[in-house]
Amino acid sequence: DPVPIALVCVFFLNHTGADTRLWYFQAPPKFLSSATSNPTNMLAFGGSLTFTMSSQAGDFGLNNLNQNVPFAVMECATCDSGMGIRLVRMFSSSSTDLMFDGKEQVFSIPLTTSSTNAQNGVVWLKDSKSTLIPFAETNDCELIEVLNGLSALKILGDFTKWHESISLDNVQLVAGHPVTIPLSCYPVG
């Protein structure tokens, strides 16, 4: 059952020609957490965010790609006692596990941390909410909390410094097998 993904577009370039504002595909409410319509997102912990992406136009040469930009973004407005948490999976042309050259490709981004699955390494970074403090790896409990309270899911569409045409399909939050939520993440009391 195809699910339409909304498109958010804003274009600005800095003095180097790199985009300063990026456009993203944004998931519809069906993907977001709700106690009535979708109470199961946290079951994706240990699983993956998967999707198919391709391009119909654009120059995906290494020197034309945007560098070190959030590729996938998960947000929870109610997490961290209402302060919100934003988790990002970064994209860089130098990344060995996450490349995109415009050809059709299936992506599978693990919904784990390095403490959950060391072989995946650091996958999700927590936005520090400050330009002075670098993003740091999230922990298991924060990742579970964001999945459980997911208020926004965005996937990058703006890979190049200029024009591109991108298609996104088959977006899924795939459950981990078996789903194992660490005991330390359960509320005490």
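Heads up: the structure comes first, above all this text.
Only a predicted model underlies this, so the values are computations on that prediction, with no experimental measurement involved.

Asks: Explanation requested: the overall build of the protein chain in the structure shown.
Replies: Broken down by element type, the protein chain carries 1 helix and 12 strands. When the helices and strands of the protein chain are placed in sequence order, the string is β-β-β-β-β-β-β-β-β-β-α-β-β. A total of 189 residues make up the protein chain; the buried ones form 42% of that total. The long-range share in the protein chain, meaning contacts at least 24 apart out of those at least 6 apart in sequence, stands at 71%. Accessible area of the protein chain: about 10200 Å², with a carbon and sulfur share of 57%.

Asks: When you look at the pairing of strand 7 (residues 85–91) in this model, what are you seeing that I'm missing?
Replies: Most of strand 7 sits out of view: 5 of its 7 residues are buried. Of the strand pairs in this sheet, strand 6 (residues 69–76) and strand 7 are connected by 7 bridges, and their pairing is antiparallel. When the sheet's bridge partners are listed, Pro-70 is paired in strand 7 with Met-90. One ladder, built from 2 bridges, connects strand 7 with strand 9 (residues 125–126); its direction is antiparallel. Among the inter-strand pairings, Val-88 is bridged to a residue of strand 9, identified as Leu-125.

Asks: Mind showing me how you'd approach the packing of aromatic side chains here?
Replies: Aromatic ring pairs are defined here through the distance separating the ring centres and the angle between the ring planes. What the rule picks out here adds up to 4 aromatic pairs. Centre to centre, the rings of Phe-51 and Phe-71 are 5.7 Å apart; their planes meet at 50 degrees, and the pair counts as tilted. Here the residue Phe-51 occupies a position in strand 5 (residues 48–58), and Phe-71 occupies one in strand 6, the gap between them amounting to 20 residues. The pair Phe-51 / Phe-71 is uniform in exposure class, with both members buried. Linked through ring pairs, Phe-51, Phe-71 and Phe-107 together constitute an aromatic cluster.

Cut-off values and rules
Residues numbered from 1 in each chain as written. Predicted model: local features only at pLDDT ≥ 70, side-chain atom pairs only at ≥ 80, totals over all residues. Heavy atoms only, no water. Helix = DSSP H or I, 4+ residues; strand = E, 2+ residues; numbered from the N terminus. Buried < 20%, exposed > 50% of the residue type's maximum accessible area, 1.4 Å probe, protein only. Contact = heavy atoms within 4.5 Å. Areas by Shrake-Rupley, 256 points an atom, 1.4 Å probe, with all protein chains shown as cover. Pairing = 2+ DSSP bridges. Phe/Tyr/Trp six-rings, centres within 6.5 Å; stacked < 30°, edge-to-face > 60°.

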